[in-house]
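# Remarks on the overall topology
What follows is each chain in one-letter form.
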Amino acid sequence: KEEKLGLAKRRLDEWADELWPIAVPNYRIALWYANQLLDDKIKPDLSRTRKVEYMDALEQRLERGDMIFATVPMEGPGAWDKDRLLLAYLTKAKILERLYIIGGEADIAGRNEADTYFNLALEVNDKVFISKGYGLWPPFYYAAFLAETGPKSQANADKIKSLLEPIYTANRDKNERFFNRLRNVSDDSPDSQYVKQQILLLAQADPKFRSLLKELGWTEAQLNVKVAPI
C-alpha cells in the first residue's frame, strides 16, 4: 500500500503465520523490526515511542519463532528440511547480530549467541549446499558479522578471508542472484542500506573481495568510501 516492498513482505509473513504458524515467518517479521531499529541507529528517525513499539514486536516475534522452532524435530517424521533449517538459523543469527549492534558493545552474551547461530547455519550450509555449488550467503553474512563486531586481530582477519574464499571460485550462473546483489548495491547510499555497510567493510578487510567488486562494476570512488563498524 505504501509502495514499500519490505513492509509488504512483512505483512505476507504475518498472514502466513495466521494461516499456519511456523518459525521462519516469525523470524523474518522480527528481522524486519530489527532492520528498522538498525536503520534508526545509523540515521535516527524513529520516535522514542515507535522504537519501544518496534522492540516489543521484535521480541514477541523472536520468542514466538523460538517456541515454534522447538516443536519441530531434527530427525524422523516431520523433521526440518535442510533449506528451511538453514534459513531459520541464518535469519535468527541476523536478528541477534542487529540486536547486539543496536544495544552497543556491552552485551557480549548476545554477540556470542549470534556467533553460535551463524555457526549453526554454516554447519548446515557446508554439509548440504556448498558441495552443490550453492550457499554463498551464509559465509558472506558471517564474514560481515565478524567484520562489524569482531576483534581487531589477525585471527579475526584470517577467519573473514577464509569465509569469503568460496565466493571467488563459485559458479556465477548458479549463484546469479548473489552476484547481482553484490553488483547492484554499489549505487545504494551507504547510510540507507546495511548490506552496503557490510560489503564495504569486507572490501576493506580482504583485497580479493575488493577486486571481485571491481570486476562486478564497482568504481574506485565507490570502493574508496571508508566505513567503520557501527
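Residues numbered from 1 in each chain as written. Predicted model: local features only at pLDDT ≥ 70, side-chain atom pairs only at ≥ 80, totals over all residues. Heavy atoms only, no water.

## A look at the overall build of the protein
- When its secondary structure is counted, the protein shows 11 helices and zero strands.
- In the protein, the succession of α and β elements from N to C terminus is α-α-α-α-α-α-α-α-α-α-α.
- What you see for the protein is a C-alpha radius of gyration of 18 Å, in line with the 17 Å of a compact globule of 230 residues.
- Oriented by its inertia axes, the alpha-carbon framework of the protein measures out at about 45 × 45 × 40 Å.
- Within the span of the protein, comprising 230 residues, buried residues form 45% of the whole.
- Partitioning the contacts of the protein with sequence separation of at least 6, the portion at a separation of at least 24 is 64%.
- For the protein, the accessible surface area stands at approximately 12500 Å², while carbon and sulfur atoms represent 52% of it.
- Distance between charge centres in the protein, computed from 34 positive and 35 negative side chains, equals 3 Å. (Helix = DSSP H or I, 4+ residues; strand = E, 2+ residues; numbered from the N terminus. Rg over C-alpha atoms; globule rule 2.2 N^0.38 Å. Buried < 20%, exposed > 50% of the residue type's maximum accessible area, 1.4 Å probe, protein only. Contact = heavy atoms within 4.5 Å. Areas by Shrake-Rupley, 256 points an atom, 1.4 Å probe, with all protein chains shown as cover. Lys, Arg positive; Asp, Glu negative; His and termini not counted. Charge placed at Lys NZ, Arg CZ, Asp CG, Glu CD.)

## Examining the packing of helix α6 (residues 137–149) against helix α9 (residues 194–205)
- Relative orientation of the contacting elements α6 and α9 amounts to 75 degrees, with a least axis distance of 9 Å. For the element pair α6 / α9, the angle class is roughly perpendicular. Residues F140, Y141, A143, A144, A147 and E148 of α6 form the contact with α9, whose own contacting residues are Y194, V195, Q197, Q198, I199, L201 and L202.
- Of the residues belonging to the contact of α6 with α9, the class tally is 10 nonpolar, two polar and one charged. (Axes fitted to C-alpha atoms, helices over the stretch in contact; angles between N-to-C directions. Parallel < 35°, antiparallel > 145°, perpendicular 65-115°, else oblique. Nonpolar A, V, L, I, M, F, W, Y, C, P; charged D, E, K, R; others polar.)

## Some details on helix α10 (residues 207–215)
- Buried within α10 are the following residues: F209, L212 and L213. What you see down the axis of α10 is that its buried residues fit within an arc of 100 degrees, all on one side. Facing away from the buried side of α10 by more than 90 degrees, the exposed set consists of P207 and E215.
- Sitting at the amino-terminal end of α10 is D206, which places a side-chain oxygen 3.0 Å from the backbone nitrogen of K208. (Arc of directions from axis to C-beta. Polar contact = N/O pair within 3.5 Å; in protein donor to acceptor, adjacent residues only side chain to side chain.)

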